[in-house]
Amino acid sequence: MLSIEEIYNERKQPFNEEEKNLLKRAFDFAQKAHSGQKRKSGESYFNHSFQTALELSRWNLDAPTVATGLLHDVVEDCGISLEEIKKEFGEEIAFLVNGLTKLGRLKYRGIVKQAETLRKMILALSEDLRVILVKLSDRLHNMKTLSALHPQKQKRIALETYEIYAPLALRLGMANLSGELEDLTFPYLYPKEYKWLLKNVKEHYEERQAYLEKIKPIIEKELKEHGVEPIKIDFRAKRYSSLYKKLLRYSLSLEQIYDLVALRIVVKDIEECYSVLGIIHNLWAPFPGRIKDYIALPKPNGYKSLHTTVFCVDKKLTEIQIRILEMHEEAENGIAAHWAYQKKKGTKDYLKGKASFADKKELIWVQQLRNWQNQFSDPEEFLQSLKIDFFKDRIFAITPKGEVVDLPVGATPVDFAYAIHSVIGDTCVGGRVNNKIVPLDFQLQSGDLVEVLTQKSKKPSESWLKFVKTNQAKRKIKSGLRQSPGLIKRKKLQTEFKITVSDRIGILKDVVNVISRSHINIVKVNVPKIGFFSNIGIRCDFNDKRKIEKLILKLKKINGVKEITYKLF
Ligand code: MN
């Protein structure tokens, strides 16, 4: 039995009564909305929402973010409207949930060139970093339950995680999460290498672990003699994915990896870090060139720690890391750790309230983001709102396949159509944005899901030049206008499909969607009702055999489609 108490208890800073009340309502609402839904793994759908929220609570995030974790899939998967969320939970949570719904439309198709655009788009679409944090937690649980999915889907999601979400987490300073995500993808992306590691490394890990267990009391005793009381001493085993990368550099020789398992000493302040380093070096000689002072010179991602490799007991080379608790938490949780230190200023305006969540000087990740994207606006302003609006002059629209199209502000469905393909631009007759028909001069917004409606005989129109924004569209329209009209007369041929389906709500919509996504024009739809099964007749104005076969394959994937036949006209 899942219980809201678990979510309360997971947070280091306790929630107050008002926050608990909010979370309890979100818990009940989501549980009810997802009731009866199961995931591929067989577990209840609500468990996924629950685990997402639990992780967010573990990251010490605020109550609206944790509530959003619980509610993040109810709009997409339970048909609950955003208005209802707004009515039940207010504008802030509705805003966050909507952000997640928008991100849910994105799909990464493994084109490396697109990865950076997609990462930018995730930031641009989120508008609020909390949306990304929920998305990352959602992804973490999805990765943990990936084995239940179809192998092809496993590969796609693992690749997306590896190339999009793990780097994004790293840029937010969440090194621990980034590593965990990457590690979870490893068996799916590199199954052979993973097996090799399991076979060859396990023993080494265990042996190192046992060795460090013996070292620990020696260090404790030595520190105590020098009056240092460490907060904790623990071990950090190197992650498989990063171990593998390192092994490739050392021609797969495990003997040369000194930090397979590192010993970590956490102390109370920076001064103590340096004195511990001195004590350790007094005890065991350091390996030359392996002392790293990431406190004086933090890593680009903000990581701070002292590292040294020493000739330890039995002259075994051993890596030791020394840091203070804040550095420790920051290294683990990055931005989420900053959030934890926030002092609530009690403002109700969430856009302003967000600015109070971290000390400006500590926000190294802002610096990172700035380096990453030069065109991003003044960081002061950025902190004022913490709205991610550094892609002010660009919008990112999405194709029905989830591909991202990068356009200037004010772009229209015609610009979008030309950005995909000039033929689609030339023949466009209308657009559908987020499933609503819009005029051709409609101004697209970031995150819009855009479908272009085309008609084969259509030609570009001069009037389009008045509203298109991209040079590409302007150029293509002009060249289309120069071609003499009416020369290319295509034969009008049609195909009629007879699709036998089991009667389920929304099946007709699904069928029509699949056809229009293939850029095929529907001429007529016929739906006679005959009880449990019905036949849908659909006439389309094309008759290319290969295209027909392709379309049939796609249609057959729709849940409830039983049989498809077709005739040419
Ligand atoms: Mn989800």
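Look a little higher up for the structure.
So, a few notes on the structure that sits alongside this text. Just so we're clear, the structure is a prediction, and the values are computed from it rather than from any experiment.

Where like charges cluster on the molecular surface, the positive patch consists of Lys-401, Lys-456, Arg-546, Lys-547, Lys-550, Lys-554 and Lys-557. Tracing the chain through its elements places Lys-547 in helix α23 (residues 545-556). Note on Lys-547: relative accessible area 30%, which makes it partly exposed.

Here we come to the sheet that holds strand β8 (residues 428-433). Spatially, the three strands line up as an open sheet ordered β9-β8-β10, and their pairing is antiparallel. Two strands bound the open sheet, and with one partner strand each, they are β9 (436-438) and β10 (450-454). Shown here is a sheet whose adjacent strand axes are inclined to one another by a mean of 35 degrees, direction ignored. Here β8 pairs with β9 via three bridges, running antiparallel. Residue pairing across strands places Arg-432 opposite Ile-437, the latter belonging to β9. Packed on one face of the sheet, helix α19 (residues 413-420) meets β8, β9 and β10 and runs near 85 degrees to β10.

With that out of the way, let us pick up the sheet that holds strand β5 (residues 317-324). Strand order in the open sheet formed by five strands is β1-β2-β5-β4-β3, and the pairing between neighbours is mixed. For this open sheet the edge positions go to β1 (232-237) and β3 (292-293), each flanked by a neighbour on one side alone. Relative to strand β2 (residues 261-267), β1 runs antiparallel, the two being bridged by six bridges. Across the sheet, Ile-233 pairs through a bridge with Ile-265, a residue of β2. Sitting on the sheet, helix α11 (residues 191-225) is in contact with β1, β2 and β5, with an inclination near 30 degrees to β2.

What counts and how
Residues numbered from 1 in each chain as written. Predicted model: local features only at pLDDT ≥ 70, side-chain atom pairs only at ≥ 80, totals over all residues. Heavy atoms only, no water. Patch = residues over 30% accessible without salt bridge, like charges linked within 9 Å, V, L, I, M, F, W, Y side chains within 5 Å. Areas by Shrake-Rupley, 256 points an atom, 1.4 Å probe, with all protein chains shown as cover. Salt bridge = Lys/Arg side-chain N within 4 Å of Asp/Glu carboxyl O. Lys, Arg positive; Asp, Glu negative; His and termini not counted. Charge placed at Lys NZ, Arg CZ, Asp CG, Glu CD. Helix = DSSP H or I, 4+ residues; strand = E, 2+ residues; numbered from the N terminus. Buried < 20%, exposed > 50% of the residue type's maximum accessible area, 1.4 Å probe, protein only. Pairing = 2+ DSSP bridges. Axes fitted to C-alpha atoms, helices over the stretch in contact; angles between N-to-C directions. Contact = heavy atoms within 4.5 Å.

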